[in-house]
Amino acid sequence: MRAVRVTKAGGPEVLEVADLDDPTPGPGEVLVEVAAAGVNYIDTYQREGIYPMETPYVPGLEGTGRVTALGEGVTGVAIGDRIAWAETLGSYAQQVTVPWDKAVPVPDGVADDAAVGALLQGMTAHFLVNDCFPLAGTETVLVHAAAGGVGLLLTQLASAKGTRVIATTSSAEKAELARGAGAAEVIDYTRVDDLAATVRELTGGTGVDAVFDSVGRTTFDASLAALRKRGMLVLFGAASGPVPPVDPQRLNAGGSLYLTRPKLFDYVDTTESLRDRAAAVYAEVAAGRLDVRIGHRYPLEEAGTAHEDLQGRRTTGKLLLLPS
Ligand code: NDP
């Protein structure tokens, strides 16, 4: 089979297509013909070695496809079933073996593109607004990178609850997408001198109840400064680089603030919680209440370009790799 392979950490050029042996499913695993693999920011952290990886490896944690073989002991799924997964390394490939307990069934009403586009990023948006900082609909929140993969879904889920979303993006085109997803206001954070002051102006001087910050290094200070008293900074990514160590006293000085650094897989840490959350997100998609925007589709050979585009801030919504 054809697959992307990484033999050493580095830039997008280390993503090379290779002919590899077809995988066979071990006990508890299913073999899948990959219809679409998801490109996620974490793939770039792994490729660069920020998250150390044993080489060689086939990147990509997420995908969807049809089951073509069952490993020993697998029950509850049949050959031909459509499934999706979000934490199985090796997904940038024509075939991958997926532990069945890490897979979710894909309902008929959800197309392949949306099955991937709504999974890792959709479950992330879902746990952030329902469990990490549960929104009642009365809040005002700040969402950074609101036209990104997670950002568009998070903005839709939050605004559908009635929460007022102030969004940040880096261009007029992205601002339009964020508005379409329900953002009440959009700030171009590459153009304002004082982001926190701008947010305070929009909230009558109070500040926001929560900030959903996936950008990290370049937004962290403004995110803290934009919070109301006892507000919460939900720092869930580092697209601009990791945040340096923080003195807890800053939380006190800022008004008894909260800071959390959550990750999805602590919120979907059992097969049941994974399938429940995926089913909840897929139900929104199937009902037409959650729009999954596919920003671009790339062939396997262009995995490096996909990473360059993602890190170069040239993308919106979800990026897919199509292996066949
Ligand atoms: P996005 O589609 O959101 O792409 C990243 C966006 O970040 C860019 O489009 C850009 O939007 C913005 N950005 C701001 N500054 C920079 C910079 N210096 N370099 C690059 N991008 C920048 O990616 P994803 O939806 O895949 O992921 C979003 C974030 O969510 C990532 O940080 C990821 O790690 C995190 N994440 C965390 C999870 C968790 O469990 N904690 C799970 C899933 C994702 P703009 O041009 O508008 O500024």
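About the thresholds
Residues numbered from 1 in each chain as written. Predicted model: local features only at pLDDT ≥ 70, side-chain atom pairs only at ≥ 80, totals over all residues. Heavy atoms only, no water. Pairing = 2+ DSSP bridges. Helix = DSSP H or I, 4+ residues; strand = E, 2+ residues; numbered from the N terminus. Axes fitted to C-alpha atoms, helices over the stretch in contact; angles between N-to-C directions. Core = buried A, V, L, I, M, F, W, Y, C linked by side-chain atoms within 4.5 Å. Buried < 20%, exposed > 50% of the residue type's maximum accessible area, 1.4 Å probe, protein only. Domains from an automatic or database assignment. Contact = heavy atoms within 4.5 Å. Phe/Tyr/Trp six-rings, centres within 6.5 Å; stacked < 30°, edge-to-face > 60°. Lys NZ or Arg CZ within 6 Å of the ring centre and 35° of its normal. Expected span 1.5 Å × (residues − 1). Arc of directions from axis to C-beta. Parallel < 35°, antiparallel > 145°, perpendicular 65-115°, else oblique. Nonpolar A, V, L, I, M, F, W, Y, C, P; charged D, E, K, R; others polar. Near = heavy atom within 4 Å. Polar contact = N/O pair within 3.5 Å; in protein donor to acceptor, adjacent residues only side chain to side chain. Buried area = accessible area lost by both parts, 1.4 Å probe.

### Details of the sheet that holds strand β8 (residues 140-143)
Now for step 1: Ordered by their spatial adjacency, six strands build an open sheet running β10-β9-β8-β11-β12-β13, and the pairing between neighbours is parallel. Two strands bound the open sheet, and with one partner strand each, they are β10 (185-188) and β13 (258-260). On average, adjacent strands in this sheet sit at an angle of 15 degrees to one another, irrespective of strand direction.

### Here's the deal with the nonpolar core
Now for step 1: Judged by nonpolar contacts, the single largest core of 50 residues is most densely connected at L119, M123, L128, L154, F212 and Y282.
Now for step 2: Considering every element that reaches this core, the biggest residue donor is helix α3 (residues 120-132), with seven residues.
Now for step 3: In this structure, this core is formed jointly by two domains, domain 1 (2-118 + 292-322) and domain 2 (125-264), each of which donates at least three residues.
Now for step 4: Look past the residues within four positions of L154 in its chain and what remains in contact with it is A125, L128, V129, V143, F212 and F236.

### Observations concerning the packing of aromatic side chains
Now for step 1: The final tally for this structure, using the stated rule, is three aromatic pairs.
Now for step 2: On the numbers, 5.5 Å between centres and 50 degrees between planes, the contact of Y41 with Y45 is tilted. Separated by four residues within a single helix, Y41 and Y45 lie in helix α1 (residues 41-48), roughly one turn from each other.
Now for step 3: A relative accessible area of 21% places Y41 in the partly exposed class.
Now for step 4: A residue is classified by how much of its surface remains accessible, and Y45, at 12% relative accessible area, is buried.
Now for step 5: With a centroid separation of 5.4 Å and an interplanar angle of 55 degrees, the aromatic rings of Y45 and Y51 are classed as tilted.
Now for step 6: Judged by relative accessible area, which is 34%, Y51 ranks as partly exposed.
Now for step 7: The ring of W100 carries R275 above its face, with NZ or CZ at 4.4 Å from the centroid.

### A short note on helix α10 (residues 271-286)
Now for step 1: Here α10 contains 16 residues, and its C-alpha end-to-end distance of 22 Å stays within 8% of the 22 Å for a straight helix at 1.5 Å per residue.
Now for step 2: For α10, the complete set of buried residues consists of S273, L274, R277, A278, V281, Y282 and V285. Angularly, the buried residues of α10 cover 160 degrees about the axis, an arc narrow enough to put them on a single face.
Now for step 3: Residue G288 follows α10 closely and has a positive phi angle near 80 degrees.

### A short note on the packing of α1 against helix α11 (residues 303-311)
Now for step 1: The contact between α1 and α11 brings their axes to 10 Å, and the two run at 110 degrees. In terms of axis orientation, α1 runs roughly perpendicular to α11. Every residue of α11 that contacts α1 at Y41, D43, T44, R47 and E48 is listed here: H307, L310 and Q311.
Now for step 2: The class makeup of the residues in the contact of α1 with α11 is two nonpolar, three polar and three charged.

### Some words on the site of the ligand
Now for step 1: Surveying the vicinity of the ligand reveals 27 residues, the closest of which are S170, K174, Y189, L264 and R313.
Now for step 2: One of the backbone nitrogen or oxygen atoms of F236 is found 2.9 Å away from a nitrogen atom of the ligand.
Now for step 3: Secondary-structure elements contributing two or more residues to the shell around the ligand are α1, α3, α4 (149-160) and α11.
Now for step 4: For the shell around the ligand, the element with the highest residue contribution is α3, accounting for three residues.
Now for step 5: Of the residues that constitute the shell around the ligand, the class distribution is 13 nonpolar, eleven polar and three charged.
Now for step 6: Both of domain 1 (2-118 + 292-322) and domain 2 (125-264) provide at least three residues apiece to the shell around the ligand.

### Regarding the side chain of H144
Now for step 1: Tracing the sequence through the fold places H144 in the loop between β8 and α4.
Now for step 2: Given a relative accessible area of 1%, H144 falls into the buried group.
Now for step 3: Looking at H144, its side chain comes within polar contact range of the side chain of S223, at 3.0 Å.
Now for step 4: H144 has contacts with T168, Y189, L195, V211, F212, D213, S214, V215, T219 and S223, leaving out every residue within four places of it along the chain.

### Regarding the domain arrangement of the protein
Now for step 1: For the protein, the assigned domains are domain 1 (2-118 + 292-322) and domain 2 (125-264).
Now for step 2: On a C-alpha basis, the centres of domain 1 and domain 2 stand 29 Å from each other.
Now for step 3: Interface area, domain 1 with domain 2, both sides summed: about 870 Å², of which 55% is carbon and sulfur.
Now for step 4: Of all residues in domain 1, R293, R313 and T316 bury the most surface against domain 2, accounting for 46% of the area lost on that side.
Now for step 5: Summed over the shared surface of domain 1 and domain 2, the number is six residue pairs in polar contact (both at pLDDT 80 or more).

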